[in-house]
Amino acid sequence: MYRKIQLDLLRQIAAVVEKKYGIELPQVAVEQPPKLEFGEYALPVALQLAKRVKKAPRAVAEELRPELESIDGVASVEIAGPGYLNIKLDRGVVADRIATGEHADVGGPGFRLVEHTSINPNKAAHIGHLRNAILGDTFQRLLRKDEYKSGYDVGVQNYIDNTGVQVADVVVGLVALEGRTLAGVKSLLEELAARNERVDFYMWDLYARVSQWYTADEAEKEARKKLRLDTLHAIEHGGNETAEVADLIATAVLRRHLETMERLGIEYDFLPRESEILHLKFWEAARALMIEKGVLYQETEGKNKGCWVMRRAGSEFPTEGPDGDAKVIVRSNGTVTYVGKDIAYHLWKFGLLGKDFGYKPFHQYPNHMCWISTEDGEEPHPYFGRADAIYNVIDSRQNDPQSNVIQALRGMGYEDAADRYTHLNYEMVALTPRCAIELGYTVSEEDQQRAYIEVSGRKGFGVKADDLLDKLIAAAKVEVDARHPELDEADRFETARKIAVGALRYFMLKYSRNTVIAFDFRDALSFEGETGPYVQYAIVRAANIFRKAGVEEQDAVTDLAAGDLLEGENGASIWEVWLTASKLTMVIEQAIQNAEPAILAKYVFQLAQQFNNFYHKHHILTETDEAKKKLLLATAAVAKREMVRALSLLGIEAPEVM
RNA sequence: GCACCCGUAGCUCAGCUGGAUAGAGCGGCAGCCUCCGAAGCUGUAGGUCAGAAGUUCGAAUCUUCUCGGGUGCACCA
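Nothing here was measured: the structure is a model prediction, and the numbers come from that model. (Residues numbered from 1 in each chain as written. Chains lettered and ligands numbered in written order. Predicted model: local features only at pLDDT ≥ 70, side-chain atom pairs only at ≥ 80, totals over all residues. Heavy atoms only, no water.)

Caption draft 1: How the structure looks around the pattern of salt bridges. The final tally for this structure, using the stated rule, is 50 salt bridges. Between arginine 97 and glutamate 102 there is a salt bridge; the shortest N-O distance is 2.8 Å. Judged by its relative accessible area of 24%, glutamate 102 is partly exposed. Salt bridges linked by common partners bring Arg198, Asp200, Arg256, Glu259, Arg263, Asp466 and Asp470 together as one network. (Salt bridge = Lys/Arg side-chain N within 4 Å of Asp/Glu carboxyl O. Buried < 20%, exposed > 50% of the residue type's maximum accessible area, 1.4 Å probe, protein only.)

As structure tokens, then:
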């Protein structure tokens, strides 16, 4: 609702400025005054205009003022300070419109493809992967159509590098270190399943062991390096026993990743795999296209002689001689680099490759199917590679490779695709030295002096996603058990699970994307202060009011007689809640615009804070003034409604009790 | 060496396209459960927004430089 009136204001001001001064303002700023008593909106537009129309700012403001007073919901317009136009709303009228749920819509045409998670299927997911998946899933929720907004058509992809060097490493571990054959690997998987052990945890340790093993023996170093490469090539090629072992492991680990993410409410629509990109010859199609468009050419001299290269993003193309800065796409031995395959994959995403995956069902979620790529697919199947805009949730260390892909699209003349390609980058999750020591890792003197230490799957150094979640659930369960002995075990566990997920998701979302999270159990396990459970608790309190009052929330919202109770100093602490509650759509727009879910996380915390403040100031159930009681109930109902909506966009459920 | 990110209160972080007296949480100190749940609330102390120069009516925010921290820069995958 806040945004709706704001849009009215902007439209009006633009029209008036154009009519009066003949000036077209591309961007008109709207702010909120520092204090509520100054009004709900502040327009510094007179300050911007003053110079151009050669008048004093306050005089300009005076001329604009009457034009704004006619807008629906506006009570008065005042001129303040150097020339601000401060706009006050008719609180009673606007509250009615907020109560009915009136709000600006979010959404538009076009299919948007969000890719996130993309964990190598060779080991357990860790906290760094959690940040990725939670960011991506939350962003997807912001875009998607739901009961609140018309949204966009969205597809969620999780890219699976099932033929990469990391999978090869655990295959080497199984075959060379543990001496297993294909049959031996099958029986290992059966044994693990029988013992109810997690295969991804097993691989976590094995992967760390293999990484050590490669360089442990100086005399064997070269032979082991060759074994690694041979294994990789066998997997890439396919159709042999090594590739079968790799597929077995990658698929088993992938299924575990999906389980882990499902615990957090994270689901996918499609799992494109590297193996299909190879076998369906995506690169060959891309190569032909790139040559045709003139971005790929063979170098005839210099250090890259014999390679097929692409001009690197942002570098100057030399007028003569070889481009030393060029990016090698095809090596002199004829094999393609990672960037080359990635370009092919992204041409597919935008429907520019002229090829498609085969599709088959892989995992059934309660409300939809998750498909996986295959060589010979089933019909009918959904389509994913025809996106109008894409969002790749990939950490900031991939900034350069990602910009290479964008640069390639641009070079091929697909400017529009390049513009609609968003690398949704974020900084890593690292461990504080204290946390690393707590976990029993040996930390060097030098590392102890640092603010944080990077996690490393290769070293087996990190916190596993499932372990953290288990720990959070246990901590929440202790609290729930103590507070609600009357509930049965299943209910208490379910409540603890919701609280744990709320704490974890909020923790990963409250930091803006380019902040390194220095992970510490003390902060992550907290349920107080700026946390998910704080907001959940505010919702539980609001729900209790209605339970005890015997009033339906719906009725409280429709049965509203604010009168002038919201006006002035006395009404401010109540109106403040309404005003914040009315900003949800505006915040969603901002979060999408900046691809920054943290904006929404910060917002819902602020709303919960204001609600808690209101809760202490006004005792609803004992209120004797009937009109005021109705207003207080409506306030609680609206605050609760918007908190629940905002949390659900963050992927956090509100428990009944906690 | 080059590119990108970061530097705001004791600690961890917000601060949207420049705007009114720089904000939260945690931690510290002092309080609040006979009253809708204390996973809560109130009060209080704490800041030369790394430093310098510039642009502007106005800079934590934009530009340049300096200092400090991080990440990435292979015909590896």
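After presenting the structure, the write-up continues.
Caption draft 2: Highlighting unusual backbone geometry. Of the consecutive residues glutamate 379 and proline 380, the connecting peptide bond is found in the cis state with omega at -5°. The residue proline 380 is located in the loop between strand E11 (369-374) and strand E12 (389-393) in this model. The phi torsion at threonine 117 lies on the positive side, around 75°, for a residue other than glycine. Note on placement: threonine 117 falls in the loop between strand E4 (107-115) and helix H5 (127-143). A positive phi is found at serine 118, a non-glycine position, where the angle reads about 40°. Turning to its location among the elements, serine 118 is positioned in the loop between E4 and H5. (Helix = DSSP H or I, 4+ residues; strand = E, 2+ residues; numbered from the N terminus.)

Caption draft 3: Focus on the nonpolar core. Core analysis: the largest hydrophobic core is formed by 146 residues, its most contacted members being Leu130, Phe519, Trp578 and Met643. With twelve residues, the single largest contributor to this core is helix H26 (residues 626-649). In contact with tryptophan 578, not counting residues within four places along its chain, are Ala95, Ile98, Ala99, Leu560, Leu566, Leu631, Ala634, Thr635 and Val638. Among the nonpolar cores identified, the runner-up in size contains 42 residues, and Phe111, Ala286, Val336 and Val405 belong to it. (Core = buried A, V, L, I, M, F, W, Y, C linked by side-chain atoms within 4.5 Å. Contact = heavy atoms within 4.5 Å.)

Caption draft 4: How the structure looks around the environment of glutamate 220. Counting through the fold element by element, glutamate 220 comes out in the loop between helix H8 (199-216) and helix H9 (221-237). Separated by 50 residues in sequence, glutamate 220 and phenylalanine 270 have C-alpha atoms that sit 42 Å apart.

Caption draft 5: Geometry of the protein's contact with RNA strand B. Near RNA strand B there are 61 residues, and of these Tyr84, Arg331, Ser512, Tyr537 and Tyr615 occur at the shortest range. Each atom of RNA strand B within 4 Å of the protein was classed as base or backbone; sugar and phosphate made up 66%. Within the side chain of tyrosine 452, an N or O atom sits 3.3 Å from a sugar or linking oxygen of RNA strand B. In the model, a base nitrogen of RNA strand B is placed 2.3 Å from a nitrogen or oxygen of the asparagine 544 side chain. Of all the secondary structure elements, the ones that give two or more residues to the surface near RNA strand B are helix H2 (45-53), strand E3 (84-89), H9, helix H14 (399-411), helix H18 (465-483), helix H21 (532-549) and helix H25 (598-617). Each residue belonging to the surface near RNA strand B can be placed in one class, and the counts come to 25 nonpolar, 18 polar and 18 charged. (Near = heavy atom within 4 Å. Polar contact = N/O pair within 3.5 Å; in protein donor to acceptor, adjacent residues only side chain to side chain. Nonpolar A, V, L, I, M, F, W, Y, C, P; charged D, E, K, R; others polar.)

All we've got here are geometric facts, nothing functional implied.
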